Amino acid sequence: MFAGAYVTVRVGVLAVGVLLLRGHEGQRNAVRLLFWVGVAAVPWMTGALLPGGARGALWITAAAVEYTGIALGFRTPGLGRAGTRRRADVVVAEEHVAERYQQFFIIALGEPILVTGLTFGTGEFTAGRSAATLVAFATTALLWRLYIHRAGALIADAMAAVPKPTRVALLVICAHVIMVAGIIAIAVGDELVITHPLGHPDSAWIAVILGGPALFLAGRAIFEYAVFGRVSLPRVIGVLALVALTPAMRPVPPLAVATAAALVLTGVAVADAARTRRLPSEPPSPPR
């Protein structure tokens, strides 16, 4: 059902687009997109018919095909790469794209919120579980703060500031994929921490609880580069701090591990606030 619905929507929308754009400059780009989505549709649908590991491998392949198309500029036989022949092939509506990215992030952020509420609501009301729930909600608030602060609010301005906004858009796509992967891992970690706040975690638990925030910060660093053309030192330090904390967290309970991760995110947020005081009106300066 998932693969069928996904492929139907993706292929159907693009097929209709090709028909409606007949005679229009944008039709070439719609054909490029349809080609790559059509290639990815094969492993999507084949995986739907297979069990377990084979399905996962094929669906990962399908997703990789789609992102490869993005990385190659949707290079298509007979049409070449998007934007190489005629600039009108690629049209980026900055405000629309920025809004879509923000909506994408908000939807992803709903995952840890739902997981936290459902996990806490289906168990006993104890001090440990309550504390774990507060840490989980605080972490989610920090994710939003770190995302939207400056760069998240300036996506449209960043794309409008360069002659080729597609490059910025591609960087932001990669950044969001990594950030969302981190958010999903954080949601898994929230469930583990709320369920076993004072238990003894194994290495896999620690990897998830600390790895989720590390992935998010790595994606957010790419996002910062896409908007401001710089490497965010606080985010790099945050990733390194989470990695360095991993061995030290083995003897402590999951609640302490999650608290340490939240403190690292807090440190990055404080660094952001300090930079804002120094540069209150910093304009976007994306890489050209």
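You'll find the structure just up there.
Residues numbered from 1 in each chain as written. Predicted model: local features only at pLDDT ≥ 70, side-chain atom pairs only at ≥ 80, totals over all residues. Heavy atoms only, no water.

Peer 1: I keep staring at the packing of aromatic side chains and nothing clicks. Help me out?
Peer 2: The description of two aromatic rings rests on the distance between their centres and on the angle between their planes. Following the criterion strictly, the structure yields twelve aromatic pairs and no others. Seen in terms of ring centroids, Phe105 and Trp144 are 6.2 Å apart; in terms of plane orientation they differ by 35 degrees. Their pairing is tilted. Separated by 39 residues along the polypeptide, Phe105 in helix α4 (residues 94-121) and Trp144 in helix α5 (residues 127-148) bring together distant segments of the chain. Taking relative accessible area as the criterion, Phe105 reaches 0% and is therefore assigned buried. The exposure class assigned to Trp144 is partly exposed, which follows from its relative accessible area of 34%. Grouping aromatic residues by their ring pairs yields a cluster made of Phe105, Trp144, Tyr147, Phe216 and Phe223. Taking the ring centre of Trp59 as reference, the NZ or CZ of Arg55 above it sits at 5.7 Å. (Phe/Tyr/Trp six-rings, centres within 6.5 Å; stacked < 30°, edge-to-face > 60°. Helix = DSSP H or I, 4+ residues; strand = E, 2+ residues; numbered from the N terminus. Buried < 20%, exposed > 50% of the residue type's maximum accessible area, 1.4 Å probe, protein only. Lys NZ or Arg CZ within 6 Å of the ring centre and 35° of its normal.)

Peer 1: Is there a simple way to think about the side chain of Ser130 in this case?
Peer 2: Counting through the fold element by element, Ser130 comes out in helix α5. Only 2.8 Å separates the side chain of Ser130 from the backbone oxygen of Thr126, close enough to count as a polar contact. If sequence neighbours within four positions are ignored, Ser130 has contacts with Phe120 and Phe125. (Polar contact = N/O pair within 3.5 Å; in protein donor to acceptor, adjacent residues only side chain to side chain. Contact = heavy atoms within 4.5 Å.)

Peer 1: Looking at this model, I keep getting lost on the packing of helix α9 (residues 233-248) against helix α10 (residues 254-278). Mind explaining?
Peer 2: Each pair of packed helices can be described by the angle between their axes along with the distance between the axes. At a closest axis distance of 10 Å, the pairing of α9 and α10 adopts a crossing angle of 165 degrees. Between α9 and α10, the interaxial angle falls into the category roughly antiparallel. In the crossing of α9 with α10, the sense of the turn from one axis to the other is right-handed. Residues Pro234, Arg235, Gly238, Ala241, Leu242 and Leu245 of α9 lie in contact with α10, whose contacting residues are Ala260, Ala261, Val264, Val268, Ala271 and Asp272. Each residue belonging to the contact of α9 with α10 can be placed in one class, and the counts come to nine nonpolar, one polar and two charged. (Axes fitted to C-alpha atoms, helices over the stretch in contact; angles between N-to-C directions. Parallel < 35°, antiparallel > 145°, perpendicular 65-115°, else oblique. Left-handed = near helix turned anticlockwise from the far one by under 90°. Nonpolar A, V, L, I, M, F, W, Y, C, P; charged D, E, K, R; others polar.)

Peer 1: It is not clear to me how the side chain of Thr116 should be interpreted in this structure. Could you clarify?
Peer 2: In this structure, Thr116 sits in helix α4. A relative accessible area of 0% means that Thr116 is categorised as buried. A polar atom in the side chain of Thr116 sits 2.7 Å from the backbone oxygen of Pro112. If we ignore the near neighbours within four places in the chain, the residues touching Thr116 are Thr133, Ala136, Phe137, Asp190 and Ile194.

Peer 1: Just checking my understanding: could you explain the nonpolar core for this structure?
Peer 2: Nonpolar side chains in soluble globular proteins tend to end up buried together. With 52 residues, the main nonpolar core has Tyr147, Phe216 and Phe223 as its most contacted residues. At the level of elements, α4, α5, α6 (155-160), α7 (165-195), α8 (203-228) and α10 are the ones that each hand at least two residues to this core. In this structure, Tyr147 is in contact with Tyr101, Gln102, Phe105, Gly152, Ile155, His176, Met179, Phe216, Arg220 and Phe223, ignoring residues within four places of it in sequence. Trp36, Trp44, Ala62 and Val65 belong to the second-largest nonpolar core, a separate cluster that totals nine residues. (Core = buried A, V, L, I, M, F, W, Y, C linked by side-chain atoms within 4.5 Å.)

Peer 1: What is the right way to look at the pattern of salt bridges in this model?
Peer 2: Between side chains of opposite charge, pairing is possible as soon as their charged atoms come close. Per the counting criterion, the structure on display carries four salt bridges. The closest approach of N and O atoms between Arg10 and Glu66, which form a salt bridge, is 2.8 Å. Taken together, the residues Arg10 in helix α1 (residues 2-20) and Glu66 in helix α3 (residues 52-71) connect sequence positions 56 residues apart. Residue classification places Glu66 among the buried residues on the basis of a relative accessible area of 11%. Linking Arg230 and Glu224 is a salt bridge whose minimum nitrogen-to-oxygen distance equals 2.8 Å. With relative accessibility at 18%, the residue Arg230 sits in the buried group. One connected set of salt bridges, linked through shared partners, spans Arg220, Glu224 and Arg230. (Salt bridge = Lys/Arg side-chain N within 4 Å of Asp/Glu carboxyl O.)

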